[in-house]
Amino acid sequence: MKSSEVVDEIFRVYRKQGHRSYGENVTENQHALQSACFAVQAGESDSIVAASLLHDFGHLLHDLGEDIADQGIDARHERIGGNRLSAWFGSEVVEPVRNHAASKRYLCWLERGYFDSLSEASRKSLALQGGPMNDVEASEFEKTPQFEASVRVRRYDDEGKVPEMITPDFEDYRTLLEGLVRRAE
Ligand SMILES: [Fe+2]
């Protein structure tokens, strides 16, 4: 697949499924675009911006419906999304996507007050994802590839829940994403 076709395919999924509710008065599309926007505003690298945009791609690839955490279901969307994206992107994009639930569990361990800052839906899914990390889990996590990038992406994920925020659109990230697609074998 050419890089433009990869990005076409990704955007097609957002166009088709991104109208779904993310669960906090924003749609999946708004949440993705806002997370990316906050990463850009913070001056992050292309790969962190891309991971912020795509971190919940896995939400759009399952058919379990909206607000699944409300039903007590953990869809492991971070793995579904990361695995799919790994066909096209390197670890600098894929690992923060795979790790974004783990990063939340890590930040709950690291920072007093982080849990309290989470939205209600994030707290609900935290329980399904295993709750805050313990000391052993946290030190293991710090050794995983792209650990620091993963935690940064998590911060933009947490910020991207602003009803009515105006952001750039998906097409505005086309060049950035195409530049990150691995060369076709
Ligand atoms: Fe998210």
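As shown above, the structure is provided for reference.
Thresholds applied
Residues numbered from 1 in each chain as written. Predicted model: local features only at pLDDT ≥ 70, side-chain atom pairs only at ≥ 80, totals over all residues. Heavy atoms only, no water. Buried < 20%, exposed > 50% of the residue type's maximum accessible area, 1.4 Å probe, protein only. Helix = DSSP H or I, 4+ residues; strand = E, 2+ residues; numbered from the N terminus. Core = buried A, V, L, I, M, F, W, Y, C linked by side-chain atoms within 4.5 Å. Contact = heavy atoms within 4.5 Å. Donors = N, O, S within 2.8 Å, 3.2 Å for Na, K, Ca; no water. Tetrahedral: all angles 85-135°; square planar, octahedral: opposite > 155°, others 65-115°. Phe/Tyr/Trp six-rings, centres within 6.5 Å; stacked < 30°, edge-to-face > 60°.

**Quick word on helix α3 (residues 46–54)**
Next, step 1: The element α3 is largely enclosed, with a buried count of eight among its nine residues.
Next, step 2: Buried residues of α3: S47, I48, V49, A50, A51, S52, L53 and L54, and no others.

**Focus: the nonpolar core**
Next, step 1: Membership of the largest hydrophobic core comes to 36 residues, with the highest contact counts inside it found for I10, L53, L85, F89 and L177.
Next, step 2: Elements supplying a minimum of two residues to this core: α1 (3–17), α2 (28–41), α3, α5 (91–98), α10 (147–159) and α11 (174–180).
Next, step 3: Leaving out residues up to four positions away in the same chain, L85 has contacts with I10, L54, F57, V94 and V97.
Next, step 4: Counting twelve residues, the second largest nonpolar core, distinct from the first, contains A102, Y114, F141 and F147.

**Section: the coordination of the iron ion**
Next, step 1: Coordination of the iron ion by the protein involves H31 (NE2), H55 (NE2), D56 (OD) and D157 (OD), with metal-donor separations of 2.1 to 2.3 Å.
Next, step 2: One can describe the site at the iron ion as irregular: its four donor atoms subtend angles covering 82 to 171° at the metal.
Next, step 3: When the donor residues of the iron ion are listed from N- to C-terminus, their spacing reads H-x23-H-D-x100-D.
Next, step 4: For H55, a relative accessible area of 1% translates into the label buried.

**Focus: the packing of aromatic side chains**
Next, step 1: Using the criterion set out here, one finds seven aromatic pairs in the structure.
Next, step 2: Between Y14 and F170, the ring centres sit 4.7 Å apart and the planes meet at 35°, which makes this aromatic pair tilted. Taken as a pair, Y14 in helix α1 and F170 in the loop between α10 and α11 lie far apart in primary sequence, 156 residues in all.
Next, step 3: On the basis of relative accessible area, Y14 is assigned to the buried category, the value being 2%.
Next, step 4: F170 sits in the buried class, given a relative accessible area of 9%.
Next, step 5: Seen from their ring centres, Y106 and F147 are 5.2 Å apart, and the 85° between their planes marks the pair as edge-to-face. On the criterion of sequence distance, the pair formed by Y106 in helix α6 (residues 100–110) and F147 in helix α10 is long-range, its members being 41 residues apart.

Bear in mind that shape data such as this cannot, by itself, settle questions of function.
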